[in-house]
Amino acid sequence: MYRYDEYDQAMVDARVAEFRDQVERRLSGAMSEDQFKPLRLMNGLYLQLHAYMLRVAIPYGTLDGRQMRMLASIARDYDRGYGHFTTRQNLQFNWIKLADTPDILAKLATVEMHAIQTSGNCIRNISSDQFAGAAADEVADPRPYAELLRQWSTFHPEFSLLPRKFKIAVIGADEDRAALKLHDIGLKLVKNEAGELGFEVYAGGGQGRTPMVAPLIREFIAATEFVSYLEACLRVYNRYGRRDNMYKARIKILIHEIGADEYRAQVEEEFQHVKTLGLDPPAAELERIAAMFALPPLDAGAPADIDRSDPDFALWLDAQVVPHKVSGHSIVTISLKPSGGIPGDASADQIDLMADLAERYSHDELRITHAQNVVLPHVRNADLYAVWQALDEAGLGAANLDLLGDIIACPGLDYCALANARSIPLAQKLSERFDAARQRDIGELKLKISGCINACGHHHAGHIGILGVDRKGEENYQLSFGGSGAEDASVGRIIGPGFSEDGVVDAVEKAIETYRGLREEGERFLDTYRRVGPEPFKAAIYA
Amino acid sequence: MRLITGNDLATGDVIWWTGSDWSRHVAQAVDAGKDGEAIAAREEAALRVNGPYVIDATPGPLGPVPLHIKDRIRASGPTVRPDLAVQPLDAKAGNWVI
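Residues numbered from 1 in each chain as written. Chains lettered and ligands numbered in written order. Predicted model: local features only at pLDDT ≥ 70, side-chain atom pairs only at ≥ 80, totals over all residues. Heavy atoms only, no water.

Engineer: Any chance you could explain the overall build of chain B here in plain terms?
Structural biologist: Within chain B one finds two helices and five strands. From first element to last, N terminus to C terminus, chain B shows the α and β order β-β-β-α-β-β-α. Looking at chain B residue by residue over its 98 residues, the buried ones come to 47%. In chain B, once contacts between residues fewer than 6 apart in sequence are set aside, the share between residues at least 24 apart is 54%. Total accessible area on chain B is roughly 4,700 Å²; 54% of this is exposed by carbon and sulfur atoms. (Helix = DSSP H or I, 4+ residues; strand = E, 2+ residues; numbered from the N terminus. Buried < 20%, exposed > 50% of the residue type's maximum accessible area, 1.4 Å probe, protein only. Contact = heavy atoms within 4.5 Å. Areas by Shrake-Rupley, 256 points an atom, 1.4 Å probe, with all protein chains shown as cover.)

So this is what it looks like as structure tokens:
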């Protein structure tokens, strides 16, 4: 875990004091809402349907028990007893009072947390692989590099007022668990032929109203130069990104319009200049940061065997647990998707429990996933049964990772001022329509729901995606198939005319039955859809 | 009929113009007629409401009902958390949100 140094702490504390003064001026009327709005957004404070919403940054989705407990405490003392984990590995509080916000931020600062740059046209929270540092398939832990980017991008004077928001993901494994190619910039750690560590750089991906898979912009940039290279990427975007039309202001539009080759050439030219400026940190600084992400002391001689005699535990093991890179240990994903529940929501008591389990069984580490779940990354196999029992008792024992019930859903019209339709009730109905045994029979199926075209629910990347729209004042839902946020990234295609809320649940069921009738050995829904195309699904749904 | 709604500046609560003040209950909202925008501007300047706007509604047996689903959800709270809903003034009121 990264620990703030005196500069980090001083910056965050100063920001809290600054925002406290801004809030006081707003409440006194010295500042209008038009003046205040950009300032509150820079501190993660939105005004949503029912109240102010505070989005707290969880850098690259990593936090410890002390920080998790603080989130629970804020949920209990200042909100309504729960929080919502987001697709950007952050946490949102839905019922915040403006007058309380400075105190909340001050409390967050005591545990090295903040809400800075969780909104606005700046570089947002850097996201990463939730299995980072524990996965057997990674070249290196991506989090030290993500932390470097956090420091580089925080309050970056040149990139605080970009044409539009900017999202970066960093991973270190071949399996993409972070939707890398659907980011403005995606960085994948690789080694070149000489064995040197560096990054593949993808740029211009994204979702929203114009979904695009990012093209590869550079096959290899050395880890010693990647900050300069990113500076060049952002400079070219900042210079040419369209500020005249917010719907065309993301980097994906720029790269699409000028072409990846032209963008690449301009970045290279800028890079030749930038790398003379000495922006990349000295090796000692990277080593200092990397040391804080060192693997905790795990006993490689710990027993690997797991007693699977409890059938419910065995089902949970098969769904939620994968091997750690150190023998005798596992990575546990806690599902925040109980049948009929609200995806990503956790009560203060549940958040506290997850903090307890992290401290007791996972070397005080937790991760938040972009699929709105929570990970205990370093659990001894011998402790898995105790972990499961505690989770199950707290309503956190669902065994549905990557199955139909593991739905990503944005807050939708139940909470969000931008939404056109509700997302959560659909997720609830779908998870209830398909019981656990049926979900296991269907196999991997990533179902994602957004309540508007901004696509916070990643519907474009769903094997099955659902988009809520407003049709003459009524909620209507478009269904798309064939999307993926993984290493085989693709954008789903709309299958046909939209549906009512109940109609789309029925349509999903028909599509799944079509898949079950067509699938070949080992095929996921996505594989079958890609093999046979949309026609059989269309025929079944619109018959 | 036309209602004025917005959020309480300090708490963020959804509030409705009653003709003389602001209420958390849409049932107490009144038809602002043609004066909606002017009242909204005056009240916002006085810091009694944040981000006010005028919406269309229809009269119902228990008070005004906003026409658009977004405003009906604002009036009652998230449909998926009835425990967090704004409790109606009339305990016998049915669910008219959706």
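Engineer: Quick question: what am I supposed to make of the domain arrangement of chain A here?
Structural biologist: One frequently used descriptor of interface size is the decrease in accessible area upon assembly of the parts. Residues and elements named next belong to chain A. Here chain A is described as being made up of domain 1 (6–109), domain 2 (135–290), domain 3 (311–393) and domain 4 (408–541). Here the C-alpha centre of domain 3 lies 31 Å away from the C-alpha centre of domain 2. Contacts between the two partners involve seven residues from domain 2, matched on the other side by five residues from domain 3. Both faces considered, domain 2 and domain 3 share a buried interface measuring about 410 Å² in area, 48% of it formed by carbon and sulfur atoms. Summed over the three residues of domain 2 that lose the most area to domain 3, namely Ala-135, Ala-136 and Arg-143, the buried surface amounts to 69% of that side. (Domains from an automatic or database assignment. Buried area = accessible area lost by both parts, 1.4 Å probe.)

Engineer: Hey, could you run me through the packing of aromatic side chains in this one?
Structural biologist: Pairs of aromatic rings are described using the distance from one ring centre to the other and the angle between the two planes. Applying the stated rule across the entire model yields 21 aromatic pairs over all chains. Between A:Phe499 and A:Tyr542, the ring centres sit 5.5 Å apart and the planes meet at 20°, which makes this aromatic pair stacked. With A:Phe499 in the loop between strand E20 (493–494) and helix H15 (501–518) and A:Tyr542 in the segment after helix H17 (535–541), this residue pair connects regions lying 43 residues apart in the sequence. The class of A:Tyr542 is partly exposed, set by a relative accessible area of 31%. Each member of the aromatic cluster is reached from another via a ring pair, and the members are A:Phe481, A:Tyr515, A:Phe525, A:Tyr529 and A:Phe537. Lying across the ring of A:Trp95, A:Arg80 places its NZ or CZ 3.9 Å from the centre. A cation sits over an aromatic face here: B:Arg74 above B:Trp16, 6.0 Å from the ring centre. (Phe/Tyr/Trp six-rings, centres within 6.5 Å; stacked < 30°, edge-to-face > 60°. Lys NZ or Arg CZ within 6 Å of the ring centre and 35° of its normal.)

Engineer: How should the pattern of salt bridges be read in this particular structure?
Structural biologist: Between side chains of opposite charge, a pair can form when the charged atoms approach closely. All names here are of chain A. Under the defined criterion, the tally for this structure stands at 60 salt bridges over all chains. Here Glu-365 and Arg-143 are joined by a salt bridge, their closest N and O atoms 3.4 Å apart. Here Glu-365, found in the loop between helix H11 (348–361) and strand E14 (366–368), pairs with Arg-143, found in helix H5 (residues 143–153); they are 222 residues apart in sequence, far enough to count as distant. Across this residue pair, the class does not change: Glu-365 and Arg-143 are buried. With a closest N to O distance of 3.0 Å, Arg-524 and Asp-527 form a salt bridge. Assessed through its relative accessible area of 23%, Arg-524 is described here as partly exposed. In the salt-bridge network here, residues are joined through shared partners; they are Arg-433, Arg-438, Asp-441, Asp-506, Glu-509, Glu-513, Arg-516 and Arg-519. (Salt bridge = Lys/Arg side-chain N within 4 Å of Asp/Glu carboxyl O.)

Engineer: Sorry, what's going on with the interface of chain A and chain B here?
Structural biologist: Across the boundary between the two partners, chain A contributes 32 residues, which contact 22 residues of chain B. Contact with chain B buries surface across chain A, with A:Leu49, A:His50 and A:Arg80 losing the most and accounting together for 23% of the total. Counting every contact that joins chain A to chain B gives zero salt bridges. Counting across the interface, chain A meets chain B through eleven residue pairs in polar contact (both at pLDDT 80 or more). (Polar contact = N/O pair within 3.5 Å; in protein donor to acceptor, adjacent residues only side chain to side chain.)

Engineer: Is there a simple way to think about the sheet that holds strand E16 (residues 408–409) of chain A in this case?
Structural biologist: In a beta sheet, neighbouring strands pair by backbone hydrogen bonds and run either parallel or antiparallel. Residue and element names in this part refer to chain A. Taken in spatial order, the five strands of this open sheet run E16-E17-E18-E19-E20, and their pairing is mixed. Of all strands in the sheet, those with a lone pairing partner are E16 and E20, marking the two edges. Bridge count between strand E19 (residues 474–481) and E20: two bridges; the pairing is antiparallel. From the neighbouring strand, Ser-480 faces E20, where its bridge partner is Ile-494. Along the sheet, helix H13 (residues 424–433) contacts E16, strand E17 (447–450), strand E18 (464–471) and E19; its crossing angle with E17, the most-contacted strand, is approximately 155°. Contacts from H15 reach E17, E18 and E19 within the one sheet, and its direction differs from that of E19 by about 15°. (Pairing = 2+ DSSP bridges. Axes fitted to C-alpha atoms, helices over the stretch in contact; angles between N-to-C directions.)

Engineer: Any chance you could explain the confidence of the model for chain B here in plain terms?
Structural biologist: Do not read the fine detail of predicted coordinates wherever pLDDT is low. On average, chain B scores 91 in pLDDT, and the residues at 70 or more come to 89%. As scored by the predictor, the complex reaches a pTM of 0.96 and an ipTM of 0.93. (pLDDT = per-residue confidence, 0-100.)

Engineer: How should I be thinking about the sheet that holds strand E13 (residues 345–347) of chain A in this particular structure?
Structural biologist: Residues and elements named next belong to chain A. The strand order E1-E2-E5-E4-E13 describes an open sheet built from five strands, whose pairing is antiparallel. The strands lining the two open edges of the sheet, one partner per strand, are strand E1 (45–47) and E13. Looking at each pair of strands side by side, their axes are set apart by 30° on average, direction ignored. As paired elements, E1 and strand E2 (residues 52–56) share three bridges and run antiparallel to each other. Across the sheet, the residue bridging to Leu-45 is Leu-54, located in E2. Set on the sheet, helix H2 (residues 33–42) makes contact with E1 and E2; between it and E1 the angle comes to about 130°.

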